[in-house]
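# Observations on the three-dimensional arrangement
Chain by chain, the residues run as shown.
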Amino acid sequence: MNPYDHDKIEKKWQKVWESKKPNKVKEDPQKKKFFALIEFPYPSGDGLHVGHIRSNTAMDIIARKRRREGYNVLYPIGWDAFGLPTENYAIKTGIQPSVVTKNNTDTFRRQLKALGFSFDWSREVNTTDPKYYKWTQWIFLQFLKKGLAYKKKLTINWCPKDLIGLANEEVIDGCCERCGTKVEQKEKEQWMLAITKYADRLDNDLDETDFLEKIKIQQRNWIGKSEGAEIEFPIKGSEKKIKVYTTRPDTLFGVTYVVLAPGHTLIDEFINKADNTIEVAQYIKTVREKDDEERTNAKTAKTGVELKGIRAINPVNNEEVPIWIADYVLADYGTGAVMAVPAHDERDFEFAKRYSLDVKQVIAPYFENTTDLALRKDLPLVEREIIHAIVKNPKTNKFLVIKWKEHNWQSFVTGGMEKGEDIVDAARREVLEESGYKNLKHINMPGSAWQVHSAFFAKHKNENRYMKARGILFELENEEKIGVSPEEQGKHDLMWIDEKEVGPFLTYENQRLVWNYLEGNSKTLYSGFGKLVNSSEFSGKDSESIKKEITQFAGGQWVTKFKLRDWIFSRQRYWGEPIPVVHCIKCGIVPIPEKNLPVELPKVKNYAPTENGESPLAAIEKWVNTKCPTCKGTAKRETDTMPNWAGSSWYYLRYADPSNKKVFADAKNLKYWTPVDWYNGGMEHTTLHLLYSRFWHKFLFDLGLVPTSEPYKKRTSHGLILAEGGEKMSKSKGNVINPDSIIKTVGADALRIHEMFMGPFDQAIAWDTNTIAGSRRFIERIWKLQEKIGTTADEKLEVVVHKTIKKVSEDIEEMKFNTAISAMMIAVNDFEKSEKISRGHYEILVQLLAPFAPHVSEELWAHLGNKTSVHASVWPMFDPKKLTESTVTMTVQVNGKMRGTIECAVYTDDATVEKMALDKPEIAKWTKDLSVKKVIIIKNKLINIVVG
RNA sequence: GCCCGAGUGGUGGAACUGGUAUACACGCACGACUUAAAAUCGUGUCCCUUACAGGAUGUGGGUUCGAUUCCCACCUCGGGCACCA
């Protein structure tokens with residue numbers, strides 16, 4: 001037998017596949033289809049990344065398995081080739097981007113072919129091909145027609161190095177995603193796509209998909225759906241009203257001021273009427289000068305200014321409240337104005353504290369006992385008001401607490417209020433009665449006297465109690481005290497403890513909340529739901545369920561809002577699809593007629609953007625100056641191009657019919673192939689590409705151009721491959737792994753196995769070149785097993801083979817490739833131990849290996865005398881009856897500790913198993929002199945003998 | 001701060017629905033083959049211990065005959081979002 005020569009074998013079969021094209025597919029209505037998709041690569045100058053190989057191999061394995069299960073499989077590939085790196089390279093070298101792209105795609109194609117991926121190469125697409133981007137432009141015109149593409153002047157994130165406008169998604173920590181330069185703000189007219197019109201459907205329709213849960217969650221968070229109320233606050237002495245958006249209309253009675261975002265339109269109207277016009281103008285100016293990061297960073301202190309002399313009226317109680325302008329309120333979310341409820345919102349609280357604004361409690365936290373003291377249904381609820389007197393000794397900085405002798409609980413000095421009694425007087429009285437201290441100074445502060453409610457069954461009185469508790473803070477003026485009655489003394493012990501010990505000392509959560517209120521920081525204010533207080537007729541109601549009712553009472557409306565913003569679709573760059581419109585002096589914006597598409601990129605000499613931020617296209621007069629398609633008058637072409645997310649938003653549709661000249665894809669082909677059955681890609685594309693393409697797809701669906709409302713049935717994601725130190729791989733760090741050299745030394749099959757075996761597919765992992773040896777060895781051992789093929793009837797191997805079929809088949813479906821390979825390794829180990837192995841068993845091993853290592857499997861398959869491809873053979877099935885041998889090893893535990901094993905026939909009855917176990921000397925040792933209390937038997941697995 | 005995910009040998013990692021923790025692989029050690037080395041094959045390899053017995057899945061509790069797996073609290077790391085009212 002010849003030694004395993006990977007290079008010879010891989011080249012041989014790649015040549016065969018190149019000429020026979022086994023993976024080229026046709027639409028075949030007789031056959032069920034399977035559309036397997038990976039994110040088409042950006043052909044960078046660095047060549048193929050080991051990360052590409054990981055995700056491509058995974059999908060290749062799935063595609064190859066599906067073919068052998070009888071599916072008509074479409075597994076296509078293409079190039080997402082517009083983009084900045086190519087353009088920057090062109091700027092530097094003067095080589096045309098189209099030429100750079102051609103060179104890079106050639107390299108990628110060669111590398112992908114060297115790895116044996118089963119792509120249908122006849123369907124290759126390239127976003128920079130005019131025959132392709134003709135349809136990207138065509139789809140844009142449909143957006144324009146429907147009013148979903150529009151121009152808008154806005155301050156954009158501007159990268160001063162790349163000279164390009166960036167979408168919010170492309171700004172990371174205030175810096176350009178590509179080059180890391182600090183982003184600036186700049187006013188510019190931009191093309192927008194109205195993705196927000198689809199926000200609700202993009203959220204809801206996730207329910208229909210089989211995306212990984214974390215992907216759904218991340219998209220939902222990004223879309224940011226929220227329901228709440230829009231409520232109008234009239235401005236006193238004016239017809240104007242301030243409309244605010246709130247998710248907490250239940251806190252309306254706690255509003256102590258309203259806030260406008262600095263860009264709010266009402267400011268212009270009222271700034272001159274305010275008593276402090278200059279101060280307000282000054283504030284708005286400073287806000288405008290702040291950069292995006294400073295303005296939106298929650299950590300920086302909140303600033304603001306009051307519109308003095310102008311007041312808003314709270315519609316629920318006609319209370320007048322001040323109006324503030326503050327930059328912690330965002331102009332482009334909700335209504336650009338909020339009602340501030342500092343008692344129940346962290347941000348409002350922080351702001352109110354800084355500017356000494358009122359804080360008013362309207363929600364009392366509510367605790368209902370549901371266990372030992374649950375309310376009795378048949379009894380009435382008796383309301384009681386109580387106080388907790390919190391006494392501090394300023395000399396020692398300690399607090400007075402009580403340990404109750406009878407009740408087994410610990411608290412502050414506490415007691416009920418008497419009829420008509422003032423809360424502070426009540427608290428003084430309780431302190432006097434229980435401790436004897438007579439000189440107390442009441443400390444009034446926000447949070448003191450705030451209520452906490454609770455309900456429980458009072459056993460000793462046989463009644464249901466509804467308790468309203470308040471905390472009152474005192475400081476001892478001196479330690480003078482009167483004698484306490486012996487009766488009181490018998491009930492409890494008094495103690496003085498440190499501030500930090502108070503929280504843990506208290507038995508009940510409601511007292512702990514009262515205590516927290518007094519700390520007076522935003523961490524301890526209560527922002528949850530509870531019972532309304534200080535809310536006129538709504539007092540006492542449950543705050544969560546009353547939201548819509550209060551909204552109605554305030555004359556407001558229940559609405560839905562989203563965090564998602566419209567998509568900035570313009571780029572001032574060369575290497576992108578030209579936006580196919582002209583600007584005509586007479587007619588305005590006029591779309592290029594569809595029959596004149598594509599608007600091709602002209603060749604230019606200089607690819608650098610102009611200094612004023614225009615695309616380099618603007619400098620080509622011959623191209624820019626054109627005629628208006630409508631009036632034939634002079635017009636100028638739009639010089640903005642599309643972002644590189646455009647071409648990738650619909651590429652999977654083009655695969656269905658890649659060379660169609662009449663439509664972007666024939667309806668029949670789309671009907672057959674779409675939706676994509678399984679799409680694997682990176683988590684980094686969850687909120688950009690994946691969301692954008694779902695949006696485009698839904699739009700095309702609404703036009704009746706695609707058959708389904710969702711493009712992808714199932715979406716999974718791979719973990720990143722990091723460099724050996726755990727850092728990101730990058731050319732600048734010099735830690736990039738070149739697949740070419742690995743293929744040369746150990747072969748493409750070994751590389752594929754290695755990448756699948758290195759760890760769980762969905763988790764990030766650091767590259768380790770040393771361990772490839774194991775994968776290479778694995779292939780060599782299978783190769784050598786050929787020598788053992790002979791006639792044998794080994795029952796043990798039969799079980800091993802069927803177990804392996806089951807494990808490999810199931811693991812591929814769950815993308816657990818590492819354990820699938822380990823199952824095959826176990827089989828190989830068992831095969832090696834055997835004198836001979838049967839041809840049938842070996843064939844199955846080769847068939848299971850085929851999707852992972854397609855070249856060597858094909859070679860071994862041919863060695864076995866097969867005339868057709870292993871990749872066309874039917875996927876092996878396992879026989880459930882052959883998964884277990886006739887005897888099993890059962891674990892014997894005594895009191896849960898493993899003490900030995902027994903060999904017995906499968907499904908031996910429990911009594912026999914128990915006897916066998918107890919009879920074994922090494923088990924008897926542990927049960928001697930003890931009585932068997934219980935025996936637990938798990939069939940064919942385990943027996944646990946409980947003795948005592 | 002909020003939302004996901006993860007913490008298991010020297011390393012990557014495995015463990016079905018709660019049932020022998022450490023499969024599989026890398027590395028390492030020893031042995032065989034060899035003049036020698038590489039390659040290959042064999043044996044061993046969680047900790048402590050001569051052995052028996054113990055102990056160990058980030059930490060601390062809980063449920064259970066039995067917990068890597070379920071529950072509670074906490075710590076650490078990775079990813080995403082971050083003034084969205």
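What you see is a predicted model, and the numbers here were worked out from it, not measured in a lab. (Residues numbered from 1 in each chain as written. Chains lettered and ligands numbered in written order. Predicted model: local features only at pLDDT ≥ 70, side-chain atom pairs only at ≥ 80, totals over all residues. Heavy atoms only, no water.)

## Here we look at the overall build of chain A
- What chain A contains, in helices and strands, is 29 helices and 43 strands.
- Residue burial in chain A is summarised as follows: out of 948 residues, 52% are buried.
- Within chain A, contacts between residues at least 6 apart in sequence are counted, and of these 74% link residues at least 24 apart.
- Accessible surface, chain A: about 44,000 Å² in total, of which carbon and sulfur atoms supply 50%.
- Between the centroid of the 141 positive side chains of chain A and the centroid of its 131 negative side chains there is a distance of 6 Å. (Helix = DSSP H or I, 4+ residues; strand = E, 2+ residues; numbered from the N terminus. Buried < 20%, exposed > 50% of the residue type's maximum accessible area, 1.4 Å probe, protein only. Contact = heavy atoms within 4.5 Å. Areas by Shrake-Rupley, 256 points an atom, 1.4 Å probe, with all protein chains shown as cover. Lys, Arg positive; Asp, Glu negative; His and termini not counted. Charge placed at Lys NZ, Arg CZ, Asp CG, Glu CD.)

## Here we look at the protein's contact with RNA strand B
- By nearness alone, 54 residues border RNA strand B, and Thr247, Arg347, Met758, Arg777 and Asn944 come closest of all.
- Looking at RNA strand B alone, sugar and phosphate atoms form 61% of those within 4 Å of the protein.
- Within the contact set of RNA strand B, a phosphate oxygen lies 2.9 Å away from a side-chain nitrogen or oxygen of Tyr333.
- Asn829 has a polar side-chain atom sitting 3.5 Å from a phosphate oxygen of RNA strand B. (Near = heavy atom within 4 Å. Polar contact = N/O pair within 3.5 Å; in protein donor to acceptor, adjacent residues only side chain to side chain.)

## What to know about the pairing of strand S40 (residues 887–894)
- Pairing of S40 with strand S41 (residues 897–905) involves eight bridges; the strand directions are antiparallel. Residue Thr891 lies in a different strand from S41, and its bridge partner there is Thr901.
- Turn length for the S40-S41 hairpin, with the two strands adjacent in sequence and antiparallel, is two residues, and the turn residue Asn895 shows positive phi of about 50 degrees.
- Where S40 meets strand S43 (residues 942–947), four bridges bridge the pair, whose relative direction is parallel. Bridging across to S43, Thr891 finds its partner in Leu942. (Pairing = 2+ DSSP bridges.)

## Quick notes on empty space enclosed by the protein
- For the structure on display, the rule yields two cavities of 30 Å³ or more.
- By volume, the largest cavity is sized at about 120 Å³.
- Forming the walls of the largest cavity are 14 residues, and the residues nearest its centre are Gly83, Leu84, Arg571, Trp575 and Asn644.
- Of the residues contributing to the lining of the largest cavity, the split by class is six nonpolar, four polar and four charged. (1 Å grid on protein atoms, 1.4 Å probe; cavity = no way out; pocket = protein on both sides within 12 Å on 5 of 7 lines; lining within 4 Å. Points joined across faces, edges and corners; volume = space filled by probe spheres on them. Nonpolar A, V, L, I, M, F, W, Y, C, P; charged D, E, K, R; others polar.)

## Some thoughts on the pattern of salt bridges
- The full count for this structure, using the stated rule, is 58 salt bridges.
- A salt bridge links Asp106 to Arg109; its shortest N-O distance comes to 2.9 Å. Of this pair, Asp106 and Arg109 both sit in helix H4 (residues 97–114), three residues apart, roughly one helical turn.
- Linking Arg201 and Asp702 is a salt bridge whose minimum nitrogen-to-oxygen distance equals 2.8 Å. On the criterion of sequence distance, the pair formed by Arg201 in helix H6 (residues 199–204) and Asp702 in helix H20 (residues 689–702) is long-range, its members being 501 residues apart.
- Residue Asp702 is classed as partly exposed on the basis of its relative accessible area, which comes to 40%. (Salt bridge = Lys/Arg side-chain N within 4 Å of Asp/Glu carboxyl O.)

## Quick word on the confidence of the model for chain A
- For chain A, the mean per-residue pLDDT works out to 91, and 97% of the residues sit at or above 70.
- ipTM for the predicted complex: 0.96, alongside a pTM of 0.92. (pLDDT = per-residue confidence, 0-100.)

## Points about the sheet that holds strand S10 (residues 210–211)
- Pairing in this open sheet of five strands is parallel, and the strands run S2-S1-S34-S35-S10 from one edge to the other. Edge positions in the sheet fall to strand S2 (72–74) and S10, since each has one partner strand and no second.
- Two elements, strand S34 (residues 678–682) and strand S35 (residues 714–718), share four bridges in a ladder whose sense is parallel. Along S35, the bridge assignment pairs Asn680 with Thr716.

## With respect to the environment of Asn126
- For Asn126, the position within the fold is in strand S4 (residues 125–126).
- Residues contacting Asn126, with those up to four places away along its chain left out, are Trp79, Ala81, Thr101, Thr105 and Tyr132.
- Here Thr128 takes part through its side chain, which lies 2.7 Å from a polar atom of the side chain of Asn126.

## What about the side chain of Asp677?
- Looking at the secondary structure, you find Asp677 in the loop between helix H19 (667–673) and S34.
- A residue is classified by how much of its surface remains accessible, and Asp677, at 11% relative accessible area, is buried.
- In terms of polar contacts, Asp677 uses its side chain to reach the side chain of Lys33, at 2.7 Å.
- Of the polar contacts made by the side chain of Asp677, one reaches the backbone nitrogen of Phe35; its length is 2.8 Å.
- Those residues in contact with Asp677 that sit more than four places away from it in its chain are Lys33, Phe34, Phe35, Lys713 and Lys714.

## Examining a nonpolar patch on the surface
- Among the surface-exposed residues, Tyr89, Ile95 and Val99 lie close enough to one another that they form a single nonpolar patch of about 240 Å² accessible area.
- Inspection of the secondary structure assignment puts Val99 in helix H4.
- We classify Val99 as partly exposed; its relative accessible area is 37%. (Patch = residues over 30% accessible without salt bridge, like charges linked within 9 Å, V, L, I, M, F, W, Y side chains within 5 Å.)

## Remarks on unusual backbone geometry
- Here the bond from Leu597 into Pro598 is cis, since omega is 0 degrees, no more than 30 degrees from zero.
- If you trace the backbone, Pro598 turns up in the loop between strand S31 (588–591) and helix H17 (621–624).
- The peptide bond linking Thr674 to Pro675 adopts the cis configuration, its omega dihedral lying at 0 degrees.
- Tracing the backbone through its elements, the reader meets Pro675 in the loop between H19 and S34.
- For Asn318, which is not glycine, the phi torsion reads 55 degrees and is therefore positive.
- Counting through the fold element by element, Asn318 comes out in the loop between strand S14 (304–313) and strand S15 (320–326).
- Its identity is not glycine, yet Asn534 carries a phi of approximately 50 degrees, on the positive side.
- Mapping Asn534 onto the fold places it in the loop between strand S27 (531–532) and helix H16 (547–553).

## Things to note about the state of the cysteines
- Counted under the stated rule, the structure contains zero disulfides.
- Sulfur of Cys584: no disulfide; nearest cysteine sulfur belongs to Cys631 and is 3.6 Å away.
- Of the residues examined, Cys584 reaches a relative accessible area of 7% and is grouped as buried.
- Of the cysteine sulfurs around Cys587, a residue in no disulfide, the closest is that of Cys631, at 3.6 Å.
- Owing to a relative accessible area of 34%, Cys587 belongs among the partly exposed residues under this scheme. (Disulfide = S-S within 2.5 Å.)

## Considerations on the nonpolar core
- The biggest cluster of nonpolar side chains holds 80 residues, and the ones touching the most others in it are Trp767, Phe778, Phe817 and Phe852.
- Judged by nonpolar contacts, the second largest core, of 78 residues, contains Leu37, Ala149, Tyr574 and Val676. (Core = buried A, V, L, I, M, F, W, Y, C linked by side-chain atoms within 4.5 Å.)

## Description of the sheet that holds strand S42 (residues 932–938)
- Strand order in the open sheet formed by four strands is S41-S40-S43-S42, and the pairing between neighbours is mixed. A strand with exactly one partner marks an edge of an open sheet, and here the two such strands are S41 and S42. For this sheet, the mean inter-axis angle between neighbouring strands, taken without regard to orientation, is 20 degrees. (Axes fitted to C-alpha atoms, helices over the stretch in contact; angles between N-to-C directions.)

## A closer look at the packing of aromatic side chains
- A complete count under the given rule lists 45 aromatic pairs for this structure.
- When the ring of Phe34 is compared with that of Tyr71, the centres are 6.1 Å apart and the planes differ by 65 degrees; the resulting orientation is edge-to-face. You can see Phe34 sitting in strand S1 (residues 33–38) and its partner Tyr71 sitting in the loop between helix H2 (50–68) and S2, a full 37 residues away along the chain.
- We classify Phe34 as buried; its relative accessible area is 6%. (Phe/Tyr/Trp six-rings, centres within 6.5 Å; stacked < 30°, edge-to-face > 60°.)

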